[in-house]
Structure formats: structure tokens, C-alpha cells
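Residue-level structural notes
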Amino acid sequence: MKIPKRIQPLVDEGLVDEVLRPLMSGKEAAVFVVRCGEHIRCAKVYKDADHRSFKQAVQYQEGRKVRSSRRARAMEKGSRYGRQQQENSWQNAEVSALYKLADAGVRVPEPYGCFDGVLLMELVTDADGDVAPRLNDVAMSAEQAIEDHAIMMRYIMRMLGVGLVHGDLSEFNVLVDSYGPVVIDLPQAVDAAANNNAGWMLERDVNNMTQYYGQYAPELLQTRFAKEIWALYQAGDFDPEAELTGEFTDPTEAADVDSVLEEIKAAFAEMVERQERKQAADEPDER
């Protein structure tokens, strides 16, 4: 196939030998299957900010640290240089998250580097060597749903253990290979301690997973893992390997009106983003 413009520099540098086919196109990037020597990998080509449909980028970037004060000032001012640095920060965040999560015991694709807005990484495949399906395309037994849900709760705990919340976790951002779930799409991962939105984002991540697996194991729909996990995190001395029960008792204090309003807004935002994810998942591959 014709080499996409953004991948051409990687071909020129010998990092990619051949672009085999497009894999998918989403709200933030287009992904291609490529050959690198004897290895088949994937190249994630990030879309420019003007062409991304990911509308809540500012919420996700809150709390991200920039080492250079000059870069930080430029990003705050929104200058051309600042916008470029913002893009670099957005793209490099995924590479950083992939390495952190792999070290923490979360199954993610292995990254091979990000070059001028193109992330080279492992192509996750099934037992037959075909591209692994997304969770959204997988049916399962109740027993398997309970087992994989427990795995995902552990992965969410381990993410939190290294200070990260996925922020956009759903059945569209999880692949399933012969060994189980693999978490993908992490450029929007947020700093759990520095981002004021981290709590409700984690709750949305957990609830998305619970609702999906709950289709096959309805008893999961009665659990309250999101509240339990966040309460453990806020209590301090967080242990990502702590045993979870799925149970949580609400405090007996009077309701906080502001918190209730925040939960309503978060629920509405979740509904809108879920519709966007479904729409993006139904878009045809770029060719």
C-alpha cells in the first residue's frame, strides 16, 4: 500500500521496512500494521490536535509536569512552539505510561519508541497469529467474565499503584489474546495525585469494565469496586495487590451537594464519550 506521509520518515531512516495495511482509525490516531525487519509491528500515527475528536484533552493534561520552564510557559501561552510542545507531551505520555505499566505488571503492548508523532509498538495477536480482537468483539461465559473482570480490577489497582489512571478505559480500549486482556490507548492517562478529575475518571473506568463484563455475569453489576479502590487510594499507604471485595459502605455524613452535581456531570460526560467511542469504533478503516 501507499506509505502514509507521517510514516515515510521512519521508512527513510530504516525503522520501518514496509507498511502492510491499515488496522484502525480512532479519535486520536490511525494505526497501521508494519514490517520492521523480520518482525510485524504496529505504527500508531497520532492525529494533529486540529483533527482529533478527543474533546476533553485539557482535563486529562491537568497535573502533567514539564521539566523545562520555557516549555511550560510556552504551553501556557498557547504559542506555536507551545502547541508543538503540548503535542509532544501528549504523544510521549503514552510511551511513558506503557513502560510504567509493564513494569507494574499490567499487560500492555511493548513500545519500541515514538518518532515524530508515530509510536512503534508490539502488534498483539491471538493464537492463530491474527490481530487480537477488542473486548467489544468477544463473547464469553459467566465464569470467564468474572475471571477477566478480576484481572482488569487488578490492572486498574496496579495503574493506580504507579500513580496513573487510564482515563478512557472501555471495551474498545482492551484487546483479548490467548492469555487474557491487554490494555491499550494510553495518551490520556492522568496523574492520580495531581489531576482533580482522577477520582471520577477512575470510577468511570471501573464502571465501564463492570458494565461490560456484567452482560455475561450480572452479579458483577451489584459490586462497588470503583468506590472501594478510590477509598483505599485516598486512605494512603496504597497497596496495589490488596485483596478487593467489591463492597463499599457510603459515609453516613450528610450529602455534599457539590459532589452530587459533579457525579451528575461525570455521568453525562460518560454517556457522551461512550457514544463517541461507539461511533469511532464503527468508522471504516483509513485506506
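Residues numbered from 1 in each chain as written. Predicted model: local features only at pLDDT ≥ 70, side-chain atom pairs only at ≥ 80, totals over all residues. Heavy atoms only, no water.

1. Structural notes on the overall build of the protein
A tally of helices and strands in the protein yields eight helices and nine strands. The 287 residues of the protein split such that 45% are buried. Intrachain contacts of the protein at a sequence separation of at least 6 include 64% that bridge at least 24 residues. (Helix = DSSP H or I, 4+ residues; strand = E, 2+ residues; numbered from the N terminus. Buried < 20%, exposed > 50% of the residue type's maximum accessible area, 1.4 Å probe, protein only. Contact = heavy atoms within 4.5 Å.)

2. Points about the confidence of the model for the protein
When pLDDT is averaged along the protein, the result is 85, and 79% of the positions lie at 70 or above. Predicted confidence for residues 51-56 stays below pLDDT 50, and this span has 15 contacts to residues more than four positions away or in other chains. (pLDDT = per-residue confidence, 0-100.)

3. Structural notes on helix α6 (residues 198-213)
With 16 residues, α6 ought to run about 22 Å at 1.5 Å a step, and its terminal C-alpha atoms sit 23 Å apart, in line with that. Of all 16 residues that make up α6, 12 are buried, and the element is covered over most of its length. Looking at α6, one finds that the buried residues are A198, G199, M201, L202, R204, D205, V206, N208, M209, T210, Y212 and Y213. (Expected span 1.5 Å × (residues − 1).)

4. Some points on the packing of aromatic side chains
Applying the stated criterion across every chain, the model contains four aromatic pairs. Aromatic side chains Y212 and Y216 sit 6.0 Å apart centroid to centroid with 65 degrees between the ring planes, which places their arrangement in the edge-to-face category. Its relative accessible area of 5% is what places Y212 among the buried residues. The structure contains a cluster of three or more aromatic residues connected by ring pairs, namely Y212, Y213 and Y216. Sitting over the ring of Y112, R41 keeps its end group 3.7 Å from the ring centre. (Phe/Tyr/Trp six-rings, centres within 6.5 Å; stacked < 30°, edge-to-face > 60°. Lys NZ or Arg CZ within 6 Å of the ring centre and 35° of its normal.)

5. A look at the state of the cysteines
Tallying each qualifying case throughout the model produces zero disulfides. Of the cysteine sulfurs around C36, a residue in no disulfide, the closest is that of C42, at 9.5 Å. (Disulfide = S-S within 2.5 Å.)

6. Brief notes about the nonpolar core
One finds M152, L160 and I229 to be the most contacted residues of the largest nonpolar core, which totals 52 residues. Looking at which element gives the most residues to this core, the answer is helix α5 (residues 142-161), with eight residues. Leaving out residues up to four positions away in the same chain, I229 has contacts with M153, I156, M157, L160, L202, V206, F238 and L244. F32, A43, V45 and L120 belong to the second largest nonpolar core, which has 12 residues in total. (Core = buried A, V, L, I, M, F, W, Y, C linked by side-chain atoms within 4.5 Å.)

7. Description of unusual backbone geometry
Despite not being glycine, D185 shows a phi value in the positive range, around 60 degrees. Structurally, D185 can be placed in the loop between β8 (180-183) and β9 (190-191). In this model, D237 sits at a positive phi of 50 degrees, which is unusual for a non-glycine residue. If you trace the backbone, D237 turns up in the loop between α7 (225-234) and α8 (257-282).

8. Overview of the packing of α5 against α7
It is at 11 Å that the axes of α5 and α7 come closest, and there the two elements cross at 25 degrees. As far as their axial angle goes, α7 and α5 are roughly parallel. Seen from above, α5 lies across α7 with right-handed handedness. Residues H149, M153, I156, M157 and L160 of α5 lie in contact with α7, whose contacting residues are F225, I229, W230, L232 and Y233. Taken together, the residues of the contact of α5 with α7 sort by class into nine nonpolar, one polar and no charged. (Axes fitted to C-alpha atoms, helices over the stretch in contact; angles between N-to-C directions. Parallel < 35°, antiparallel > 145°, perpendicular 65-115°, else oblique. Left-handed = near helix turned anticlockwise from the far one by under 90°. Nonpolar A, V, L, I, M, F, W, Y, C, P; charged D, E, K, R; others polar.)

9. A few points about the sheet that holds strand β2 (residues 29-36)
Spatially, β1-β2-β3-β5-β4 is the arrangement adopted by the five strands of the open sheet, whose pairing is antiparallel. Each edge of the sheet is formed by a strand with only one pairing partner; in this case those strands are β1 (18-25) and β4 (111-115). This sheet shows a mean twist of 25 degrees between the axes of neighbouring strands, independent of strand direction. Bridge count between strand β3 (residues 39-46) and strand β5 (residues 118-122): five bridges; the pairing is antiparallel. In the strand pairing of β5, R41 is matched with E122. (Pairing = 2+ DSSP bridges.)

10. What to know about the pairing of β8
As defined by bridge partners, strand β7 (residues 174-177) adjoins β8 across four bridges and the pair is classed as antiparallel. Note that in β8 the partner of V174 across the bridge is V183. As consecutive antiparallel partners, β7 and β8 are separated by two residues.

11. With respect to the packing of α6 against α7
At a minimum axis separation of 8 Å, α6 and α7 run at an interaxial angle of 140 degrees. Crossing handedness for the pair α6 and α7: right-handed. On α7, the residues that touch A198, G199, L202, E203, V206 and N207 of α6 are F225, A226, K227, I229 and W230.

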